[in-house]
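Observations on the three-dimensional arrangement
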Amino acid sequence: MSGVTVVGGGLIGLATALRLADRGHAVTLMDPSPASGATHHAGGMLAPVAEVVYRQEALFPLMLRSAELYPGLIAVVEKHTGLPTGYRTDGTLVVAADRADSAHLGELSDYQSTHGMEVERLPLRQARKLEPALSPQLAGAVHIPGDHQVNPRMFAAAMLDALNNLGVAVVREKAAQLPRDGQVVLANGLGAAALHDGLRLRPVYGDILRLGVPDHLAPLLTRVVRGFVADRPVYLIPRTDGTLAVGATSREDDRPVPRTGAVHDLLRDAIRLVPGVEECDFLEATTGARPGTPDDLPYLGRVSGNLIISTGYFRHGILLTALAADVTLALVEGDDPGIDLSACAPHRHQEF
Ligand SMILES: Cc1cc2nc3c(=O)[nH]c(=O)nc-3n(C[C@H](O)[C@H](O)[C@H](O)COP(=O)(O)OP(=O)(O)OC[C@H]3O[C@@H](n4cnc5c(N)ncnc54)[C@H](O)[C@@H]3O)c2cc1C
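The structure displayed is predicted, hence computed values, not measured ones. (Residues numbered from 1 in each chain as written. Predicted model: local features only at pLDDT ≥ 70, side-chain atom pairs only at ≥ 80, totals over all residues. Heavy atoms only, no water.)

What follows is about the sheet that holds strand 6 (residues 140-144). Strand order in the open sheet made by the eight strands is 5-6-4-11-12-13-10-14, with mixed pairing throughout. One side of each edge strand has no neighbouring strand; the edge strands of this open sheet are strand 5 (120-122) and strand 14 (281-292). Between one strand axis and the next, the sheet turns through 25 degrees on average, direction left out of account. Contacting strand 4 (92-96), strand 10 (202-212), strand 11 (224-229), strand 12 (232-238), strand 13 (243-247) and strand 14, helix 7 (residues 260-273) crosses the sheet at an angle of about 70 degrees to strand 12. (Pairing = 2+ DSSP bridges. Helix = DSSP H or I, 4+ residues; strand = E, 2+ residues; numbered from the N terminus. Axes fitted to C-alpha atoms, helices over the stretch in contact; angles between N-to-C directions. Contact = heavy atoms within 4.5 Å.)

Counted under the stated rule, the structure contains three aromatic pairs. Judged by centre distance (6.3 Å) and plane angle (15 degrees), the ring pair of Tyr 70 and Tyr 87 falls under stacked. Within this pair, whereas Tyr 70 is found in helix 3 (residues 60-80), its partner Tyr 87 is found in the loop between helix 3 and strand 4, the two being separated by 17 residues in sequence. Between Tyr 70 and Phe 155, the aromatic rings sit 6.2 Å apart at their centres with planes inclined by 35 degrees, giving tilted as the arrangement. Highlighted residues: Tyr 70 in helix 3 and Phe 155 in helix 6 (residues 152-165), separated in sequence by 85 residues. What links up through ring pairs into an aromatic cluster is the set Tyr 70, Tyr 87 and Phe 155. (Phe/Tyr/Trp six-rings, centres within 6.5 Å; stacked < 30°, edge-to-face > 60°.)

Attention shifts here to the site of the ligand. Taken together, the neighbourhood of the ligand is formed by 38 residues, with Asp 31, Thr 39, Ala 175, Phe 314 and Leu 319 sitting nearest. A distance of 2.9 Å separates a nitrogen atom of the ligand from a polar backbone atom of Ala 175. Protein chains shield 93% of the accessible area of the ligand, which is 1000 Å² for the free molecule. Only helix 1 (11-22), helix 2 (38-41), strand 14 and helix 8 (317-332) provide two or more residues apiece to the shell around the ligand. Within the shell around the ligand, the residues separate by chemical class into 17 nonpolar, 16 polar and five charged. Looking at which domains feed residues into the shell around the ligand, each of domain 1 (3-85 + 150-201 + 294-344) and domain 2 (92-145 + 203-292) gives three or more. (Near = heavy atom within 4 Å. Polar contact = N/O pair within 3.5 Å; in protein donor to acceptor, adjacent residues only side chain to side chain. Areas by Shrake-Rupley, 256 points an atom, 1.4 Å probe, with all protein chains shown as cover. Nonpolar A, V, L, I, M, F, W, Y, C, P; charged D, E, K, R; others polar. Domains from an automatic or database assignment.)

What follows deals with the side chain of Thr 243. On the secondary structure map, Thr 243 appears in strand 13. Polar contacts involving the side chain of Thr 243 include one to the side chain of Asp 241, which spans 2.6 Å. Leaving out residues up to four positions away in the same chain, Thr 243 has contacts with Arg 210, Leu 211, Ile 237, Pro 238 and Leu 283.

Here the structure, examined in full by the defined rule, presents 20 salt bridges. Here Glu 51 and Arg 226 are joined by a salt bridge, their closest N and O atoms 2.9 Å apart. Placement of the pair is Glu 51 in the loop between strand 3 (45-46) and helix 3 and Arg 226 in strand 11, with a sequence separation of 175 residues. For the pair formed by Glu 51 and Arg 226, the shared burial category is buried. In this structure, Asp 295 engages Arg 348 in a salt bridge whose closest nitrogen and oxygen atoms are separated by 2.8 Å. (Salt bridge = Lys/Arg side-chain N within 4 Å of Asp/Glu carboxyl O. Buried < 20%, exposed > 50% of the residue type's maximum accessible area, 1.4 Å probe, protein only.)

A negative phi holds for most residues other than glycine; trans holds for most peptide bonds. Here the residue pair Ala 218 and Pro 219 is connected by a cis peptide bond, since its omega of -10 degrees sits within 30 degrees of zero. Mapped onto the elements, Pro 219 comes out in the loop between strand 10 and strand 11. Here the residue pair Gly 247 and Ala 248 is connected by a cis peptide bond, since its omega of -25 degrees sits within 30 degrees of zero. With respect to the element layout, Ala 248 can be found in the loop between strand 13 and helix 7. Non-glycine residue Ala 35 carries a positive phi angle of around 60 degrees.

Here we take up the sheet that holds strand 16 (residues 307-311). Taken in spatial order, the six strands of this open sheet run 8-2-1-9-16-15, and their pairing is mixed. In this open sheet, the two strands that pair with only one neighbour each are strand 8 (169-171) and strand 15 (299-302). Adjacent strand axes in the sheet meet at a mean angle of 20 degrees, parallel and antiparallel pairs treated alike. Strand contacts of helix 1: strand 1 (3-7), strand 2 (26-30), strand 9 (183-186) and strand 16, with the helix running at about 165 degrees to strand 2, the strand carrying the most contacts.

Moving on, we get to helix 8. At Leu 323, helix 8 shows its maximal kink, close to 25 degrees. With 16 of its 16 residues buried, helix 8 lies for the most part within the structure. Of the residues flanking the end of helix 8, it is Gly 334, one or two places downstream, whose phi is positive at about 75 degrees. (Bend = angle between axes of the 7 residues up to and from the residue.)

Now for the nonpolar core. The biggest cluster of nonpolar side chains holds 52 residues, and the ones touching the most others in it are Val 6, Tyr 70, Phe 155 and Met 159. For this core, the element with the most residues is helix 8, which contributes 11 residues. When sequence neighbours within four positions are dropped, the list of residues in contact with Tyr 70 reads Leu 46, Tyr 87, Val 150, Phe 155, Ile 318, Leu 319, Thr 321 and Ala 322. Counting residues in hydrophobic clusters, the runner-up holds 27 residues, among them Leu 211, Val 213, Val 263 and Leu 273. (Core = buried A, V, L, I, M, F, W, Y, C linked by side-chain atoms within 4.5 Å.)

Turning our attention to the environment of Gly 305. In this structure, Gly 305 sits in the loop between strand 15 and strand 16. For the pair Gly 305 and Leu 201, spaced 104 residues apart in sequence, the C-alpha to C-alpha distance is 23 Å.

Shape is all these values report; function is a separate question.
Written out as structure tokens, the structure is:
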């Protein structure tokens, strides 16, 4: 087995290192502070259906394939650690605050259905049977059974423990240049552009909140609730540790700290959908930087004899972790990755 250095220990690098080490490769992981990037802030929704973006058809097969691969990735993690991952398969409800939001939700679910995705319109009464904390004043609901979740911070800690148990060398240093020996996987999120020419990455900031659900309300929700409020998207994610994540904004204003207005909007919209949020404890507001590319598709593929690029996962990096790790394992071993990666070619934005 060959030696492989994985640069970057966000969820993408951690899962890649894990799949490689599980197969017997000698792996070194480099990161000055693993899981401190976008991974630390992410919601953790595995949502190939609810996250569908109009006119982003090239993403759909990648997202759906990754969702299929997730149970296998979880099994590899659980083989090497007893730590929890926060993986939950309870499904997702998407709700609409008013009639205009309901029309939007209807169009979106028609679009999802025509692309073969499983979505089910629900009468509000039934949605509130599933989640009694939902406001009685909503205008529409859709159930998406195939959209699941992990807790990214727990998942990353579990993977680090698994890597440790597998004897992977975790070097807590920043790579100042590309390592020269063996095969190299560049999986350091936004940092990849500094180590390889031609990658065009930009930070897309997202504010996200963490709330504590008081005992007398717990569990406030049992599955992910997403919604539209006056056309603004918001989501609420119940964690296995009893907390609730509320997210997320999307802004490109180079201000990497939580914005007061963003915190206000998220809380107001979350309370509109689930009034009990008003009684929760406010634990944290943070801002993460999603690694975006010009066309919002990842950079994934081999670019030279010893270099594989795996970055640019933008809004979907937690979901796409299973695919990224699977594809990279195949590329390292010289196998067919089993999926068309032409839309992800790492040099597609390079100017010659
Ligand atoms: C608010 C928010 C909510 C999100 N919600 C979701 C969601 O619900 N579902 C979903 O699928 N995605 C979500 N995302 C997107 C997801 O978080 C990212 O796509 C994903 O975390 C990218 O993972 P990564 O490992 O590529 O990068 P990162 O997590 O950013 O990790 C990069 C790592 O590389 C390291 N590094 C950088 N430079 C170097 C270097 N030179 N040498 C060594 N190491 C280096 C850093 O220390 C860091 O640990 C969300 C993002 C945000 C901000």
